[in-house]
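# Close look at the chain arrangement
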Amino acid sequence: MDEFASFNAQLNRPIDAKNVEFQRMGRLKHIINAAQLTPELLQTLCRTADSIRRLAKTRRGNEALKSLLADKRAMLYFTQPSTRTFLSFMAACQILGLTCNEVRDPKTSSEVKRESRTDSIRMFSSYFDIIIMRSQIKDFAECCAYLMNRLEEQEKRSVPVINAGSGSDEHPTQALLDYYTIDRSFDFDEHSHSVESRLPALRATYPDLVPGVEHKTYAFCGDIGRGRTVRSLARVLAQFPGVSLFFVSADHPDLMLDDQLRQKLKRAGANVQEFHSLEADVNGRPLIEQIDCLYMTRIQREHNSESTEEELKQLDLSPFRLTLDRVHRMKEYAPILHPFPRDSVIDEIPIEVDNDPRAMYFRQARNGMWIRAALLVHLFDAADRLHEADSAAR
Ligand code: CP
């Protein structure tokens, strides 16, 4: 990626040094990596998302939401396939009144005439107020953020950049919606359909249970090595006290936790353990029966080399498949998440699991729309106006 060679020095810095440049006056300026999602910011965005979904229940509330960012335009630049991230960002824009446009196939843009990606990005910033982008190139979104910062220093037009998935590296807004789903699942009120919290009843069965994301055991299962959603969410969860992160994958170097991430998570204070089956023995009992949350993932075949393709064909993937029997042995409050798409051939979560109350993956995808709307509100500094509208509607 020679056109971004001038950003190499900035790319090769510790993440904390980078992230200072992705914020402005206590708010996000760009969202590029999951390390920007501090516990305080996560709480702010979750409560903003709650306000948006409350307002969206009424016509008056919807009108207030639609006027919030009606003067803004968004470019969705998605050159890697996407269903959920693309559509939920588009829906989030529509909720808030932003006008959207898109480039999904660079063959339809002047990149076919050898226009550089840098020029494309600058053009987007000329016409739009935010760039939401997905690329298979690991550092592309980060370089675009540096480009925008450089333009701002030169007092030229500059807009926020949202990383909507960068290669196999990061997917920070997926981590955001995953966190929001977990936060709601461990609230223990949402699904009770009664005024009383479910917590006292659950405590009778699980005496150590506490609300919140803290002091929980999370299992990630499937393609750990190449899953950008796993990488981003694990980093977010590792910030919280008392968190155990169990990684369950086949014994293959491409699928297992990489050492860099392992060390980062341990340094953050998480109890990191690795297993090769959902039935693995943990202190005398199967893992599946002990976890508080299960995050399933698809084997990402698109990253396979020819030799990996052959090696993976030989693997028995049944220890990583969520059967109905396994679901029934999980804790009754433990949410099952999956960033989707799921693989309809490997069937890591068969459709018969969908009706179990622990299956959260469709809610999780819808939560993406609300929390991405909250992120847009935050980036455009419209939270005060939103909360005023929410208070007026109550
Ligand atoms: N979870 C996720 O990123 O889905 P898409 O690839 O469909 O956007």
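Quick caveat, the model's predicted, so the values are computed rather than measured. Each chain carries its own residue numbering, running from 1 in the direction its sequence is written. Where local features are concerned, this predicted model is filtered to residues with pLDDT of at least 70; where side-chain atom pairs are given and counted, the filter is 80 or more; whole-chain, interface and lining totals use all residues. Only hydrogens and water are set aside when side-chain values are computed; all heavy atoms of the structure are taken into account.

## Side note on the pattern of salt bridges
Here, a salt bridge means any side-chain nitrogen of Lys or Arg that lies within 4 Å of a carboxyl oxygen of Asp or Glu. Under the definition given, this model contains 29 salt bridges. One salt bridge in this structure joins Arg 54 and Asp 390, with 2.6 Å as the shortest N-O distance. With a gap of 336 residues between them, Arg 54 in helix H3 (residues 39–55) and Asp 390 in helix H15 (residues 383–393) connect regions that are remote in the sequence. Exposed residues in this analysis have more than 50% of their type's maximum accessible area, buried residues have under 20%, and partly exposed residues fall in between, with area computed by a 1.4 Å probe over protein chains only. Taking relative accessible area as the criterion, Arg 54 reaches 33% and is therefore assigned partly exposed. With relative accessibility at 3%, the residue Asp 390 sits in the buried group. Between Arg 342 and Asp 354 there is a salt bridge whose closest N-O contact spans 2.8 Å. Taken together, the residues span a long stretch of sequence, with Arg 342 in the loop between strand E13 (336–337) and helix H14 (361–379) and Asp 354 in the loop between E13 and H14 at a distance of 12 residues. Among the residues examined, Asp 354 registers a relative accessible area of 22% and is labelled partly exposed. Within this structure, Glu 279, Arg 285, Glu 289, Asp 325, Arg 326 and Arg 329 form a network of salt bridges that share partners. Working definition: helices are DSSP H or I runs of at least four residues, strands are E runs of at least two. Numbering for both runs from the N terminus.

## Observations concerning the nonpolar core
Ranked by internal contacts, the top residues of the largest apolar core, which has 79 residues, are Leu 96, Ile 132, Tyr 218, Phe 220, Leu 245, Phe 247 and Leu 376. Here this core takes 9 residues from H14, the largest share from any one element. Domain boundaries shown here were taken from an automatic or database domain assignment. Here this core spans two domains, and each of domain 1 (5–170 + 368–387) and domain 2 (194–359) adds at least three residues to it. In this analysis, two residues are considered to be in contact whenever any of their non-hydrogen atoms come within 4.5 Å of each other. For Phe 220, the contacting residues outside a window of four places in its chain are Val 230, Leu 233, Ala 234, Leu 237, Leu 245, Phe 246, Phe 247, Val 248 and Tyr 295. By nonpolar core is meant a set of buried Ala, Val, Leu, Ile, Met, Phe, Trp, Tyr and Cys residues that side-chain atoms within 4.5 Å join together. Listed in part, the 28 residues of the second largest apolar core include Phe 275, Ala 280, Phe 320 and Met 330.

## Side note on the site of the ligand
Nearness is judged by heavy atoms alone; a residue qualifies as near a molecule or strand once a single heavy atom is within 4 Å of it. Close to the ligand lie Ser 82, Thr 83, Arg 84, Thr 85, Arg 134, His 171, Gln 174, Pro 339 and Phe 340, which account for all nearby residues. Take Ser 82: an N or O atom from its side chain is 2.6 Å from an oxygen atom of the ligand. Polar contact is defined as a pair of N or O atoms within 3.5 Å, subject to the rule that within protein one atom must be able to donate a hydrogen and the other to accept it, and that residues adjacent in sequence are counted only when both atoms are side-chain atoms. Separating an oxygen atom of the ligand from a side-chain N or O atom of Arg 134 is a distance of 2.9 Å. Note that accessible areas follow from Shrake-Rupley with a 1.4 Å probe, and for residues the cover is restricted to the protein chains shown. In isolation the ligand offers 260 Å² of accessible surface; the protein chains occlude 92% of this area.

## What to know about helix H8 (residues 172–185)
Given a helix with a known number of residues, its expected span is that number minus one, times 1.5 Å. Here H8 spans 20 Å end to end across 14 residues, near enough to the 20 Å set by a 1.5 Å rise per residue. In terms of burial, H8 is a largely internal element, 14 of the 14 residues being buried.

## Considerations on the pairing of strand E3 (residues 73–78)
Counting buried positions along E3 gives 5 out of 6 residues, so the element sits mostly inside the fold. Crossovers are marked right-handed if the path from the first strand over the helix to the second runs clockwise, as seen with the strands pointing away from the viewer. For the crossover that starts at E3, traverses helix H5 (residues 84–96) and ends in the parallel strand E4 (residues 99–103), the hand is right-handed. Where E3 meets strand E5 (residues 130–135), 5 bridges bridge the pair, whose relative direction is parallel. Considered in E5, the bridge of Met 75 is made with Ile 131. Pairs of strands are assigned from DSSP output, requiring at least two bridges between the strands.

## Side note on empty space enclosed by the protein
Put simply, the grid is 1 Å and covers the protein atoms alone, a cavity is a trapped set of points that fit a 1.4 Å probe, a pocket is an open set with protein on both sides within 12 Å along at least five of seven lines, and lining residues have an atom within 4 Å of a point. Grid points are joined across faces, edges and corners, and a volume is the space filled by probe spheres set on the points. Applying the stated criterion to the full structure yields 1 cavity of 30 Å³ or more. Lining the largest cavity, in full, are Arg 84, Thr 85, Gln 174, Leu 177, His 338, Pro 339, Phe 340, Tyr 361, Gln 364, Ala 365 and Arg 372. Listed by contribution, the elements that provide at least two residues to the lining of the largest cavity are H5, H8 and H14. Ten residues, namely Ala, Val, Leu, Ile, Met, Phe, Trp, Tyr, Cys and Pro, are considered nonpolar, four, namely Asp, Glu, Lys and Arg, are considered charged, and the remaining ones, Gly among them, are considered polar. Residue composition of the lining of the largest cavity, grouped by class: 5 nonpolar, 4 polar and 2 charged.

## Structural notes on the side chain of Thr 181
Inspection of the secondary structure puts Thr 181 in helix H8. Engagement of the side chain of Thr 181 in a polar contact is seen with the side chain of Asn 367, the distance being 3.0 Å. With near-sequence residues (within four places) excluded, Thr 181 lies in contact with Leu 337, Met 360, Gln 364 and Asn 367.

## What to know about the domain arrangement of the protein chain
With domains assigned, the protein chain is organised as domain 1 (5–170 + 368–387) and domain 2 (194–359). When each unit is reduced to the centre of its C-alpha atoms, the spacing between domain 1 and domain 2 is 28 Å. Note: buried area is the sum, over both parts, of the accessible area (probe 1.4 Å) each one loses when the two are combined. Around 1,100 Å² of area is buried between domain 1 and domain 2 when both sides are counted, 53% of it from carbon and sulfur atoms. Looking only at domain 1, the three residues that lose the most surface to domain 2 are Arg 84, Ser 168 and Glu 170, adding up to 40% of its buried area. Where domain 1 meets domain 2, there are 0 salt bridges. Counting across the interface, domain 1 meets domain 2 through 5 residue pairs in polar contact (both at pLDDT 80 or more). Looking at the side of domain 1 that touches domain 2, the elements with two or more residues in it are H3, E5 and strand E6 (161–166). Tallied by class, the residues present in the side of domain 1 that touches domain 2 amount to 6 nonpolar, 7 polar and 4 charged.

## Some words on unusual backbone geometry
Of note, the bond from Phe 340 into Pro 341 is cis; its omega dihedral lies within 30 degrees of zero at 0°. Among the structural elements, Pro 341 can be located in the loop between E13 and H14. For Glu 155, which is not glycine, the phi torsion reads 55° and is therefore positive. Position of Glu 155 relative to the elements: it lies in the loop between helix H7 (140–153) and E6. According to the relative accessible area criterion, Glu 155 is exposed, its value standing at 73%. Here Asp 347, not a glycine, exhibits a phi torsion of approximately 65°, which is positive. Along the chain, Asp 347 turns up in the loop between E13 and H14. With relative accessibility at 23%, the residue Asp 347 sits in the partly exposed group.

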